[in-house]
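One letter stands for each residue in the lines below.
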Amino acid sequence: MDEYFIDRNKIREIGPFIDYINEMTRRIFNRPKPEPKDTVLPSIPTGLTVTNLAQTSLMINWSPATDNRGVAKYLVYRNNVYIKSVTGTTTPFGNLIPATEYYFNIKSVDNTNNISELSAPLYVTTLAVSYPPKPDISATTITADRIKLDWSVSSDAGITGYR
């Protein structure tokens, strides 16, 4: 067991020597010095807005984040669940449920994979399904084999017939 034991003092003694070998290898092979590790987080995305709001779809937009090494992508969350990553500052959502509240958040990711904090939520309620008003209907003449129905005409311009 003793033969595998390494004295910490010996590691301290050879540490500068290893640094010297690494530096000489870098110079011999003309490799650039590695850049220091990026520890700066990208800014938190702001200005979340919704456009193209419909019953089952919508579009989310936000202001671009900033970072000292550049922003690579955005992580998009719906109701606190990661949904997708995008490279731009807008993204569509479909297959939503009518008249339902959702909230959306965004994180930015820089070119060295540092991730920002979650943005403030954007609360959105999809539009409800709208049906034309029901006509007033009445049975005016009833016989053994017939019923005459009368109803008021709908004021909705989109009505093309009745069933």
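Residues numbered from 1 in each chain as written. Predicted model: local features only at pLDDT ≥ 70, side-chain atom pairs only at ≥ 80, totals over all residues. Heavy atoms only, no water.

K.L.:
What should I look at first to understand the overall build of the protein in this one?
P.N.:
Summing up its helical and strand segments, the protein has one helix and nine strands in all. Traced from its N-terminal end to its C-terminal end, the protein shows the element sequence α-β-β-β-β-β-β-β-β-β. The buried share of the protein, taken over its 163 residues, is 20%. Put simply, of all contacts in the protein between residues at least 6 apart along the chain, 57% involve residues at least 24 apart. Only carbon and sulfur atoms are counted for the fraction: they give 55% of the accessible area of the protein, which is about 12300 Å². (Helix = DSSP H or I, 4+ residues; strand = E, 2+ residues; numbered from the N terminus. Buried < 20%, exposed > 50% of the residue type's maximum accessible area, 1.4 Å probe, protein only. Contact = heavy atoms within 4.5 Å. Areas by Shrake-Rupley, 256 points an atom, 1.4 Å probe, with all protein chains shown as cover.)

K.L.:
Can you help me understand the environment of N80 in this one?
P.N.:
The residue N80 is located in the loop between strand 3 (71-78) and strand 4 (81-86) in this model. Through-space distance from the C-alpha of N80 to that of I106 is 9.8 Å; in sequence the pair is 26 residues apart. Once residues within four sequence positions are removed from consideration, N80 is found in contact with Y103 and L118.

K.L.:
Help me understand the sheet that holds strand 1 (residues 46-51), please; the structure alone is not making it clear to me.
P.N.:
The strands making up a sheet are joined through hydrogen bonds of the backbone, oriented either antiparallel or parallel. Spatial ordering of the open sheet is given by 1-2-5, a layout of three strands whose pairing is antiparallel. Lying at the two open borders of the sheet, with one neighbouring strand each, are strand 1 and strand 5 (90-93). Each strand axis lies, on average, 20° off the axis of its neighbour in the sheet, ignoring direction. Across four bridges, the pairing between strand 2 (residues 58-63) and strand 5 is antiparallel. Paired with L58 across the two strands is F93, which belongs to strand 5. (Pairing = 2+ DSSP bridges. Axes fitted to C-alpha atoms, helices over the stretch in contact; angles between N-to-C directions.)

K.L.:
Whenever I open this one, unusual backbone geometry confuses me. Can you help?
P.N.:
For residues besides glycine, phi is generally negative; the peptide bonds are generally trans as well. In this structure, N79 is a non-glycine residue whose phi angle is positive, near 50°. Checked against the element boundaries, N79 lands in the loop between strand 3 and strand 4. The phi dihedral of N113 falls on the positive side, at around 70°, and the residue is not glycine. Within the secondary structure, N113 sits in the loop between strand 6 (101-110) and strand 7 (122-125). The exposure class assigned to N113 is exposed, which follows from its relative accessible area of 57%.

K.L.:
Would you mind going over the nonpolar core with me for this structure?
P.N.:
Where a protein is soluble and globular, its nonpolar side chains tend to be buried together. The biggest cluster of nonpolar side chains holds 15 residues, and the ones touching the most others in it are L58, I60, W62, F93 and F104. Looking at this core, the elements that each hand over two or more residues are strand 2, strand 3, strand 6 and strand 7. When near neighbours in sequence (up to four residues on either side) are disregarded, L58 contacts V50, T51, N52, L53, T91, P92, F93, L96, F104, V124 and T126. (Core = buried A, V, L, I, M, F, W, Y, C linked by side-chain atoms within 4.5 Å.)

K.L.:
What exactly am I supposed to notice about the sheet that holds strand 7 here?
P.N.:
The strand order across the open sheet formed by four strands is 4-3-6-7, and the pairing between neighbours is antiparallel. On the outer flanks of this sheet lie strand 4 and strand 7, each paired with one strand and no other. Adjacent strand axes in the sheet meet at a mean angle of 30° when their direction is disregarded.

K.L.:
Sorry if this is basic, but what is going on with the environment of P132 here?
P.N.:
Position of P132 among the secondary structure elements: in the loop between strand 7 and strand 8 (137-142). Note: C-alpha distance between P132 and S154 (22 residues apart in sequence) is 8.0 Å.

Keep in mind these values describe shape, not function.
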